[in-house]
2 protein chains.
Amino acid sequence: MRDTIIVNFSYGGIAMNETIETLLGHRSIRSFTDQPLTDKQIEVIVRSAQTASTSSFIQAYSIIGITNPSTKETLAELAGNQPYVKDNGHFFVFCADLYRHEQAGAYENTDVYESIESTEKFLVSAIDASLAAQNAAVAAESLGLGLCYIGGLRNNIEKVSKILDLPAYVVPLFGMCIGYPAKQPEPKPRLPFENIYHKETYNKDTKELTRSFEAYNDVISKYYYRRTKGKRDDRWTEQIANMLKEPKRLHMKPFLENKGFIKY
Amino acid sequence: MRDTIIVNFSYGGIAMNETIETLLGHRSIRSFTDQPLTDKQIEVIVRSAQTASTSSFIQAYSIIGITNPSTKETLAELAGNQPYVKDNGHFFVFCADLYRHEQAGAYENTDVYESIESTEKFLVSAIDASLAAQNAAVAAESLGLGLCYIGGLRNNIEKVSKILDLPAYVVPLFGMCIGYPAKQPEPKPRLPFENIYHKETYNKDTKELTRSFEAYNDVISKYYYRRTKGKRDDRWTEQIANMLKEPKRLHMKPFLENKGFIKY
């Protein structure tokens, strides 16, 4: 069942283990067989999500599992016609969730609104949901499954919220398709280690950054060329500049404000 | 080196593996031996963080590693006098980072400001940083290390940003202490599975929620009683209501706005 790991770093002095191999071997999967996840697999994945760290034990997220084909089809369209949102082993939606905390406040006769409507607590709930999601992702990959995150749900966040019947103080952040991989693409090379990891203080040296852009652009350009058999060879900075030149999802601010979030 | 896993669920039909055991066996560690992490351990942890999924390949985060004892002491104080921020094997700060993207825009002669100043892109960078952080956490635990997240850095986020010399469009979200555990507390029981996982649509039934609060309060109350030898027996809803009755870190909104984030 377990996928063959093609990445095999060797780190002197550290005995590599199955978990590190799973983490380093990650690639997003966007093509799945039609085999659905079993209830037990779903349970293991969700329980693994639940054991992730959570800020002050707040557990400010929920996970919605979708199997209904017509719901999946609608979500696939709303996410920008991404067919793998429909065709996968199971579709999960990860939500920032402070509804339960509103209810816990009511249960304890305590006014908690200023708190749950603060930017800080929205941030906490988004971080909580993300930590849980990444545990789910790692659990799935360790079981030989593949996955991809679906940020595209935020394209139509209002409609998605209605379909999932979300109450106040719950925001769908992203989806996750999980299933048995039908294709295994090559892992995508990340930014140079030195770019992401800074020692003691942030390295602001723009000349160094430019040099690493050049080196990395070359790596990414070759990666796309290889993967598309010569059809694409975008540089990373080109891809980023193209993506960012037109701002997207500017409805997110008013949506969050209308939901009662980021008020204070 | 590997920690003994005290949780040992058995899921019919699923062959459990080392990774799931690591995930389910998680507990936060707040007491470490004085053994520092090796450079190789740091590298494996950061490289594992880097392979996490990232929204449209944006990689919008940075990780700062702190070893300087006086910096760690200052950060420990700023985080609300948390001694384990100083006393650990290594201290990491995870930042939402769109500075690199501002620079990539400049490199490609493209105006990206409306995009990187949008609420959407701040959210993307916070999610990216969190997914990377959770991979780092899982990698560390698989190596027999323990960890805890430090949201307390946001208590004094302006000062923390200065100490780390962060440029525009970089926000320290949380820290992570990693090291060899000096104590191994019992894992903290999470909310009932049914509370976190919803099928097809969100379950808003408040009576059901109240019943699960009651059952869970009992579990948590007993957990604290056991762990503190009878000194504490807080219910979960009580803990949440007490935490939320006084809003915290209301400086986060103006801080993010001053940093140029959540503008659109």
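In this text, all values refer to a predicted model and were calculated from it rather than measured experimentally.

**Quick word on the sheet that holds strand S4 (residues 170–179) of chain A**
Reading across the sheet, the 5 strands line up as S3(A)-S4(A)-S2(A)-S1(A)-S5(B) and stay open at both edges, with mixed pairing between neighbours. Edge positions in the sheet fall to strand S3 (146–150) of chain A together with strand S5 (197–199) of chain B, since each of these pairs with one other strand and no more. Here the strands of the sheet are splayed against their neighbours by 25° on average, with no regard to which way each runs. Inspection of the sheet shows strand S1 (residues 61–66) of chain A paired to S5 of chain B by 3 bridges, in the parallel sense. Note on S5 of chain B: the bridge partner recorded for Ile64 of chain A is His198 of chain B.

**Section: the environment of Ser161 of chain A**
Residue and element names in this part refer to chain A. Mapped onto the elements, Ser161 comes out in helix H7 (residues 157–163). Separated by 11 residues in sequence, Ser161 and Pro172 place their C-alpha atoms 6.7 Å apart. Excluding anything up to four places from it in sequence, Ser161 contacts Leu166, Pro172 and Phe255.

**Section: the packing of aromatic side chains**
Per the counting criterion, the structure on display carries 24 aromatic pairs over all chains. Centre to centre, the rings of Phe92 of chain A and Tyr197 of chain B are 6.3 Å apart; their planes meet at 50°, and the pair counts as tilted. A residue pair is termed interchain when its members come from two chains, as with Phe92 of chain A in strand S2 (residues 90–97) and Tyr197 of chain B in strand S5. Each member of the pair, Phe92 of chain A as well as Tyr197 of chain B, is classed as buried. Where Tyr99 of chain A meets Tyr202 of chain B, the ring centres are 5.7 Å apart and the plane angle is 85°; that geometry is what we call edge-to-face. Within this pair, whereas Tyr99 of chain A is found in helix H4 (residues 99–107), its partner Tyr202 of chain B is found in the loop between S5 and helix H9 (206–227), the two belonging to separate chains. For Tyr99 of chain A, a relative accessible area of 7% gives the class buried. Of the residues examined, Tyr202 of chain B reaches a relative accessible area of 4% and is grouped as buried.

**Thoughts on the pattern of salt bridges**
Residues and elements named next belong to chain A. Considering all chains together, one arrives at 26 salt bridges over all chains under this definition. The residue Asp87 makes a salt bridge to Lys86 at a minimum N-O spacing of 3.4 Å. Through salt bridges with shared partners, a single network forms among Lys40, Glu43 and Arg47.

**As for the nonpolar core**
Counting residues in hydrophobic clusters, the biggest one holds 182 residues, and the most contacted among them are Phe92 of chain A together with Phe92 of chain B. Non-local contacts of Phe92 of chain B, meaning those with residues more than four positions away in its chain, are made with Tyr197 of chain A together with Leu37, Ile42, Ile45, Val46, Ile63, Ile64, Phe174, Gly175, Met176 and Ile178 of chain B.

**Comments concerning the interface of chain B and chain A**
Contact with chain B, which involves 127 residues of that partner, is made by 127 residues of chain A. Between chain B and chain A, roughly 11,400 Å² of surface is buried when both sides are summed, and carbon and sulfur atoms account for 64% of that area. It is Phe57, Glu200 and Tyr202 of chain B that lose the most area in chain B upon contact with chain A, and together they represent 7% of the buried surface on that side. Across the chain B-chain A interface, the total number found is 8 salt bridges. Among the salt bridges present, the one from Arg154 of chain A reaches Glu120 of chain B, with a minimum N-O distance of 2.8 Å. The interface formed by chain B and chain A contains 65 residue pairs in polar contact (both at pLDDT 80 or more). When residues of the side of chain B that touches chain A are assigned to their parent elements, the largest contribution, 15 residues, is made by helix H6 (residues 119–142) of chain B. Along the lines of polarity and charge, the residues of the side of chain B that touches chain A split into 63 nonpolar, 37 polar and 27 charged.

**Examining the confidence of the model for chain A**
Put simply, chain A has an average pLDDT of 94, and 95% of its residues get 70 or more. The model gives residues 1–8 of chain A a pLDDT under 50, and that stretch makes 20 contacts with residues more than four places away or in other chains.

**What to know about the relation of the copies chain B and chain A**
When chain B is fitted to chain A, the best match, at an RMSD of 0.0 Å, comes from turning it 180° and sliding it 0.0 Å along the axis. Interpreted geometrically, this transformation is the action of a two-fold axis. Distance from the rotation axis, computed per C-alpha, reaches its smallest value in chain B at Thr19 of chain B: 2.5 Å. A share of 100% of the interface residues of chain B reappears at the interface of chain A, consistent with the copies meeting face to face through the same patch.

**Focus on the sheet that holds strand S4 (residues 170–179) of chain B**
Spatial ordering of the open sheet is given by S5(A)-S1(B)-S2(B)-S4(B)-S3(B), a layout of 5 strands whose pairing is mixed. A single partner strand is all that each edge strand has here, and the edge strands are strand S5 (197–199) of chain A together with strand S3 (146–150) of chain B. Going across the sheet, the axis of each strand differs from the next one's by a mean of 25°, ignoring polarity. Across 5 bridges, the pairing between S3 of chain B and S4 of chain B is antiparallel. Counted as the bridge partner of Ile150 of chain B is Gly175 of chain B from S4 of chain B. Seen against the sheet, helix H4 (residues 99–107) of chain B touches S5 of chain A together with strand S1 (61–66), strand S2 (90–97) and S4 of chain B and runs at an angle of roughly 45° to S2 of chain B.

**Structural notes on the packing of helix H2 (residues 39–50) of chain A against helix H6 (residues 119–142) of chain A**
Pairs of packed helices are described in terms of their axes, by the angle between the two and the distance that separates them. All names here are of chain A. Relative orientation of the contacting elements H2 and H6 amounts to 140°, with a least axis distance of 7 Å. The pairing of H2 with H6 is recorded here as oblique in orientation. H6 is crossed by H2, and the crossing has right-handed handedness. Mapping the contact onto sequence places Ile45, Ser48 and Ala49 in H2 and Ala132, Asn135, Ala136, Ala139 and Ala140 in H6. Tallied by class, residues from the contact of H2 with H6 come to 6 nonpolar, 2 polar and no charged.

Reading guide: rules and limits
- Residues numbered from 1 in each chain as written.
- Chains lettered and ligands numbered in written order.
- Predicted model: local features only at pLDDT ≥ 70, side-chain atom pairs only at ≥ 80, totals over all residues.
- Heavy atoms only, no water.
- Pairing = 2+ DSSP bridges.
- Helix = DSSP H or I, 4+ residues; strand = E, 2+ residues; numbered from the N terminus.
- Axes fitted to C-alpha atoms, helices over the stretch in contact; angles between N-to-C directions.
- Contact = heavy atoms within 4.5 Å.
- Phe/Tyr/Trp six-rings, centres within 6.5 Å; stacked < 30°, edge-to-face > 60°.
- Buried < 20%, exposed > 50% of the residue type's maximum accessible area, 1.4 Å probe, protein only.
- Salt bridge = Lys/Arg side-chain N within 4 Å of Asp/Glu carboxyl O.
- Core = buried A, V, L, I, M, F, W, Y, C linked by side-chain atoms within 4.5 Å.
- Buried area = accessible area lost by both parts, 1.4 Å probe.
- Polar contact = N/O pair within 3.5 Å; in protein donor to acceptor, adjacent residues only side chain to side chain.
- Nonpolar A, V, L, I, M, F, W, Y, C, P; charged D, E, K, R; others polar.
- pLDDT = per-residue confidence, 0-100.
- Least-squares fit on C-alpha atoms with pLDDT ≥ 70 in both.
- Parallel < 35°, antiparallel > 145°, perpendicular 65-115°, else oblique.
- Left-handed = near helix turned anticlockwise from the far one by under 90°.

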